[in-house]
Amino acid sequence: MGDRPKGFLPMKTALSCGDKAILSPVYLFGANVMLRGIFFGLKLTPVTVAVDAASGRTSLLEKAPEILSRLELPSECRRLEAKLSRATAEAFAEEAAVPDNARGWRRGITSAKILFRPGECGFVWRVYILRENSLIDGFSGEAADASGVVDLLLGQRQNEAGPAEL
């Protein structure tokens with residue numbers, strides 16, 4: 001929103017010649033999940049939550065990733081705009097960090113408290129690679145067929161003629 005991402009998430013899949021890139025801003029939040037239950041007492045688990053600032057999608061990471069300060073990007077690169085504020089992203093991260101065994105009816109026997117670690121927050125870029133008809137998440141290495149989505153994201157879709165007016 002007002003801040004610019006600083007750094008990049010590490011990449012499992014490297015960029016190669018002829019690739020295009022999409023940069024998506026991501027908020028990273030370090031947190032400790034404190035679970036208290038009838039059957040197991042008190043348990044503290046450290047997590048890192050990544051919240052995509054463009055889409056609001058959240059993902060849990062086992063440990064904090066090493067942030068890259070520089071990355072060789074291709075000449076054709078598109079940056080997505082952040083649509084979420086830091087406060088909204090933090091609320092999404094808090095919701096995502098609550099484990100399944102502390103949701104729904106189980107809340108009666110298990111409670112969860114999310115404690116954010118202030119020094120472990122960041123705003124970085126996540127790189128998506130467009131390679132032929134595939135969209136590859138550079139951070140996780142997951143690939144998907146994206147022939148229709150790729151054109152839409154890059155704005156290369158030509159204006160198609162609509163139905164003839166009667």
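Look up: the structure comes first, before these words.
About the thresholds
- Residues numbered from 1 in each chain as written.
- Predicted model: local features only at pLDDT ≥ 70, side-chain atom pairs only at ≥ 80, totals over all residues.
- Heavy atoms only, no water.
- Core = buried A, V, L, I, M, F, W, Y, C linked by side-chain atoms within 4.5 Å.
- Buried < 20%, exposed > 50% of the residue type's maximum accessible area, 1.4 Å probe, protein only.
- Helix = DSSP H or I, 4+ residues; strand = E, 2+ residues; numbered from the N terminus.
- Contact = heavy atoms within 4.5 Å.
- Pairing = 2+ DSSP bridges.
- Salt bridge = Lys/Arg side-chain N within 4 Å of Asp/Glu carboxyl O.
- 1 Å grid on protein atoms, 1.4 Å probe; cavity = no way out; pocket = protein on both sides within 12 Å on 5 of 7 lines; lining within 4 Å.
- Points joined across faces, edges and corners; volume = space filled by probe spheres on them.
- Nonpolar A, V, L, I, M, F, W, Y, C, P; charged D, E, K, R; others polar.

### Examining the nonpolar core
By size, the foremost hydrophobic cluster in this structure holds 18 residues, and its most contacted members are Tyr27, Val49 and Val51. Contributing elements (two or more residues each) for this core: β1 (20–37), β2 (41–52), α1 (86–97) and β5 (110–131). Sorting elements by how many residues they give to this core places β1 first, with five residues. Not counting residues within four places of it along the chain, the set of residues in contact with Val49 comprises Tyr27, Leu28, Phe29, Ser59, Leu60, Ala93, Ala96 and Ala97.

### A short note on the pairing of β5
Here 17 bridges tie β1 to β5, and the two strands are oriented antiparallel to one another. Of the residues in β5, the one forming a bridge with Leu35 is Ala112.

### Description of the pattern of salt bridges
Pairing is possible between side chains that carry opposite charge, provided their charged atoms lie close to one another. Tallying each qualifying case throughout the model produces four salt bridges. Arg57 is the salt-bridge partner of Asp52, the closest N and O atoms lying 3.8 Å from each other.

### Some remarks on the layout of surface pockets
If you add up the space inside the largest pocket, you get close to 530 Å³. Lining the largest pocket are 28 residues, and of these Asp52, Ser55, Arg57, Arg126 and Tyr128 sit closest to its centre. Elements with a contribution of two residues or more to the lining of the largest pocket: β1, β2, β3 (58–61), β4 (77–79), β5, β6 (134–137) and β7 (143–145). With four residues, the single largest contributor to the lining of the largest pocket is β3. Its residues assigned to classes, the lining of the largest pocket comprises 14 nonpolar, five polar and nine charged. As a volume, the second largest pocket reaches approximately 150 Å³. Considering the residues around the second largest pocket, the lining is formed by Pro10, Met11, Lys12, Leu60, Leu61, Glu62, Lys63, Pro65 and Phe139. Its residues placed into classes, the lining of the second largest pocket shows six nonpolar, no polar and three charged.

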